[in-house]
Amino acid sequence: MKGLIIVGSAKSGSHTNALAHYLKGHFGEHDIEVDIFDLAETPIHQLDVSGASEPSEAYLNNVKSLQSKAREADFFVLGTPNYHGSFSGILKNALDHLTMDDFKMKPVGLVGNSGGIVSAEPLSHLRLIVRTLLGIAVPTQIATHDSDYNKLEDGTYYLDNNEFQLRCKLFVDQIVSFANNSPYEHLK
Ligand SMILES: Cc1cc2nc3c(=O)[nH]c(=O)nc-3n(C[C@H](O)[C@H](O)[C@H](O)COP(=O)(O)O)c2cc1C
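Rules behind the numbers
Residues numbered from 1 in each chain as written. Predicted model: local features only at pLDDT ≥ 70, side-chain atom pairs only at ≥ 80, totals over all residues. Heavy atoms only, no water. UniProt positions renumbered as here; feature names shortened; annotations may be inferred. Helix = DSSP H or I, 4+ residues; strand = E, 2+ residues; numbered from the N terminus. Polar contact = N/O pair within 3.5 Å; in protein donor to acceptor, adjacent residues only side chain to side chain. Contact = heavy atoms within 4.5 Å. Core = buried A, V, L, I, M, F, W, Y, C linked by side-chain atoms within 4.5 Å. Buried < 20%, exposed > 50% of the residue type's maximum accessible area, 1.4 Å probe, protein only. Salt bridge = Lys/Arg side-chain N within 4 Å of Asp/Glu carboxyl O. Pairing = 2+ DSSP bridges. Axes fitted to C-alpha atoms, helices over the stretch in contact; angles between N-to-C directions. Parallel < 35°, antiparallel > 145°, perpendicular 65-115°, else oblique. Left-handed = near helix turned anticlockwise from the far one by under 90°.

The protein chain is annotated in an unreviewed UniProt entry as FMN-dependent NADPH-azoreductase of Staphylococcus hsinchuensis. As stated in UniProt under Subunit (unreviewed entry), the record for the protein chain gives "Homotetramer."

Engineer: Help me out: how do you make sense of the side chain of S119 in this one?
Structural biologist: Within the secondary structure layout, S119 lies in the loop between β4 (107-114) and α5 (121-132). Looking at S119, its side chain comes within polar contact range of the main-chain nitrogen of E121, at 3.0 Å. If near-sequence neighbours (up to four positions away) are discounted, S119 is found in contact with N82, S114 and A143.

Engineer: How should I be thinking about the nonpolar core in this particular structure?
Structural biologist: Side chains that are nonpolar tend, in soluble globular proteins, to be buried together. Grouped together as the largest cluster of nonpolar side chains are 24 residues, with contacts concentrated most on L4, I6, L66, F76, L78 and L126. Mapped onto this core, the elements with two or more residues apiece are β1 (2-7), α2 (57-72), β3 (75-81), α3 (89-96), β4 and α5. Non-local contacts of I6, meaning those with residues more than four positions away in its chain, are made with F37, L39, L66, F76, V77, L78, G79, L91 and L98. Formed by 23 residues, the second largest nonpolar core is a distinct cluster that contains F27, V77, L159 and I175.

Engineer: Would you mind showing me how to read the environment of K64 here?
Structural biologist: By secondary structure assignment, the location of K64 is in helix α2. Residue classification places K64 among the exposed residues on the basis of a relative accessible area of 56%. When the C-alpha positions of K64 and H15 are compared, they lie 26 Å apart, and in sequence the two are 49 residues distant.

Engineer: What exactly am I supposed to notice about the environment of G85 here?
Structural biologist: Structurally, the position occupied by G85 is in the loop between β3 and α3. In this view, G85 contacts E121, P122 and H125; residues no more than four positions away in its chain are not counted.

Engineer: Please clarify how the pattern of salt bridges should be interpreted in this entry.
Structural biologist: Once their charged atoms are close, side chains differing in charge can pair, the charge on each being opposite to the other. In this structure the tally under the stated criterion is 5 salt bridges. Between E72 and K2 there is a salt bridge, and its shortest N-O distance comes to 3.0 Å. With E72 in helix α2 and K2 in strand β1, this residue pair connects regions lying 70 residues apart in the sequence. Judged by its relative accessible area of 28%, K2 falls in the partly exposed class. A salt bridge links D96 to K92; its shortest N-O distance comes to 2.9 Å. Placement of the pair is D96 and K92 together in helix α3, with a separation of 4 residues, close to one helical turn.

Engineer: Explain the UniProt feature "domain: NADPH-dependent FMN reductase-like" (unreviewed entry) in the protein chain to me, please; I cannot follow it from the model alone.
Structural biologist: Within this numbering scheme, the UniProt entry marks residues 1-144 as carrying the feature "domain: NADPH-dependent FMN reductase-like" (unreviewed entry). For residues 1-144, the end-to-end C-alpha separation is 27 Å, with 38% helix and 25% strand making up the annotated structure.

Engineer: Help me out: how do you make sense of the sheet that holds strand β5 (residues 136-145) in this one?
Structural biologist: Pairing between the strands of a sheet comes from backbone hydrogen bonds, and it takes one of two forms, parallel or antiparallel. An order of β2-β1-β3-β4-β5 is seen for the 5 strands of this open sheet, with the pairing classed as parallel. Across the chains shown, the open sheet's two edge strands, defined by having one partner strand only, are β2 (33-38) and β5. Taken over all neighbouring pairs, the strand axes of this sheet differ in orientation by 15 degrees on average, direction set aside. Looking at chain direction, β4 and β5 are connected through 7 bridges and run parallel. Among the inter-strand pairings, S114 is bridged to a residue of β5, identified as H145. Across the sheet, helix α6 (residues 162-180) lies against β3, β4 and β5, angled at about 165 degrees from β5, the strand it touches most.

Engineer: Is there a simple way to think about the packing of helix α1 (residues 15-29) against α6 in this case?
Structural biologist: Angle between the axes and distance between the axes: these two values describe a pair of packed helices. Across the interface, α1 lies against α6 with an axial gap of 9 Å and an inter-helix angle of 55 degrees. Judged by the inter-axis angle, α1 sits oblique to α6. At the point where α1 passes α6, the crossing takes the right-handed sense. Facing L19, Y22, L23, H26 and F27 of α1, the residues of α6 in contact are Q165, C168, K169, F171, V172, I175 and V176.

See below:
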């Protein structure tokens with residue numbers, strides 16, 4: 001089994017990236033391989049259906065990589081910062097490069113981080129998008145605040161809140177359970 005965590009922050013070394021790494025550790029405890037696709041570190045071009053722009057080779061390769069990882073994934077985690085009360089445009093653009101065939105009947109976990117007032121609204125908005133992509137957004141979700149993180153000496157953020165650490169475990173267990181017991185295999 002394989003998972004893909006897409007991180008939609010505009011900032012490399014984001015809180016959302018730290019959360020993704022924390023979750024990856026928990027998936028590892030289930031012996032499950034998970035890739036983190038951080039859109040700040042691996043940027044992709046804006047979707048251009050008319051072909052008016054000329055994306056660089058690097059961007060085109062990054063999109064191809066995202067698409068093949070998504071197709072292979074058995075489950076997803078979508079991670080987003082709270083931008084203007086919703087999920088980031090960067091993440092939406094990444095999802096626009098993907099299709100229902102990538103998400104159909106696959107479990108999807110939703111996580112996010114806010115710098116202002118903590119809000120789960122970006123995750124509620126994502127839930128609608130996941131439904132449209134025919135994915136199954138699992139009930140447990142994680143909405144953190146900047147203050148739930150601390151920094152290592154090199155400036156890397158890490159999740160430093162016991163309650164959220166426990167919630168991460170529940171979140172991961174839930175996704176793994178959905179992925180292992182999918183009654184929808186024949187609908188994929
Ligand atoms: C364009 C933009 C819009 C933002 N809008 C909000 C907002 O509506 N509410 C909020 O709490 N924080 C808002 N923030 C702050 C981010 O949530 C904050 O920087 C947070 O640390 C981002 O998490 P990250 O480190 O994972 O990217 C905004 C930041 C940016 C860049």
